[in-house]
Amino acid sequence: MAGAKPLEPDPIQIGGGTELSGTPTGIDSRKKLTINGEPRDAVASTVRELLAALEYDGSFFAVAVNRAVVPRGCWDQPILREGDKIEIVTPRQGG
């Protein structure tokens, strides 16, 4: 179809339609992130918000943003920015 916009994936949203910063999600506050090699749109600004939106349970994994490991104590800080590359690593058993 000429002039048709390609479909975009739904953004990852936190809570009831409002970011934790108080900005309504109707005001496009999405960020383009790469999560485990896949391009995604997200409304999360902290690692903990992103993990919740992606439905990661527990805390038995590590997170790196732009190749730097984010200490668990920093997961509530608003560090995610447009274009960030995030890797979420979970351990596997075996040899």
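In case you missed it, the structure is sitting above this.
Given the structure is predicted, the values throughout are model-derived calculations rather than measurements. (Residues numbered from 1 in each chain as written. Predicted model: local features only at pLDDT ≥ 70, side-chain atom pairs only at ≥ 80, totals over all residues. Heavy atoms only, no water.)

Peer 1: Where do I start with the pattern of salt bridges in this structure?
Peer 2: Two side chains that carry opposite charge are able to pair once their charged atoms sit near each other. This structure, assessed with the given rule, holds 3 salt bridges. In this structure, the salt-bridge partner of Asp41 is Arg30, at a minimum N-O distance of 3.8 Å. Placement of Asp41 in strand E2 (residues 38-42) and of Arg30 in the segment before strand E1 (31-35) is noted, with a sequence separation of 11 residues between them. Arg48 is paired through a salt bridge with Asp76; the nearest N and O atoms lie 2.7 Å apart. Taken together, the residues Arg48 in helix H1 (residues 47-53) and Asp76 in the loop between strand E4 (68-69) and strand E5 (85-89) connect sequence positions 28 residues apart. Residue classification places Arg48 among the partly exposed positions, given a relative accessible area of 38%. (Salt bridge = Lys/Arg side-chain N within 4 Å of Asp/Glu carboxyl O. Helix = DSSP H or I, 4+ residues; strand = E, 2+ residues; numbered from the N terminus. Buried < 20%, exposed > 50% of the residue type's maximum accessible area, 1.4 Å probe, protein only.)

Peer 1: I would appreciate a short explanation of the sheet that holds strand E3 (residues 62-65) in the present structure.
Peer 2: Adjacent strands of a sheet form backbone hydrogen bonds with each other and so pair up, either parallel or antiparallel. What the 5 strands build is an open sheet, ordered E2-E1-E5-E3-E4; its pairing is mixed. At either end of the open sheet lies a strand with only one pairing partner, and these are E2 and E4. As defined by bridge partners, E3 adjoins E4 across 2 bridges and the pair is classed as antiparallel. By the bridge assignment for E4, Val65 is matched with Ala68. (Pairing = 2+ DSSP bridges.)

Peer 1: I would appreciate a short explanation of the packing of aromatic side chains in the present structure.
Peer 2: To describe a pair of aromatic rings, you give the distance between the ring centres and the angle between the ring planes. If you walk through the whole model with that rule in mind, you get 2 aromatic pairs. Between Tyr56 and Phe61, the aromatic rings sit 5.3 Å apart at their centres with planes inclined by 65°, giving edge-to-face as the arrangement. With a centroid separation of 5.9 Å and an interplanar angle of 5°, the aromatic rings of Phe61 and Trp75 are classed as stacked. Taken together, the residues Phe61 in the loop between H1 and E3 and Trp75 in the loop between E4 and E5 connect sequence positions 14 residues apart. Exposure remark for Phe61: the relative accessible area of 8% places this residue in the buried category. (Phe/Tyr/Trp six-rings, centres within 6.5 Å; stacked < 30°, edge-to-face > 60°.)

Shape is all these values report; function is a separate question.
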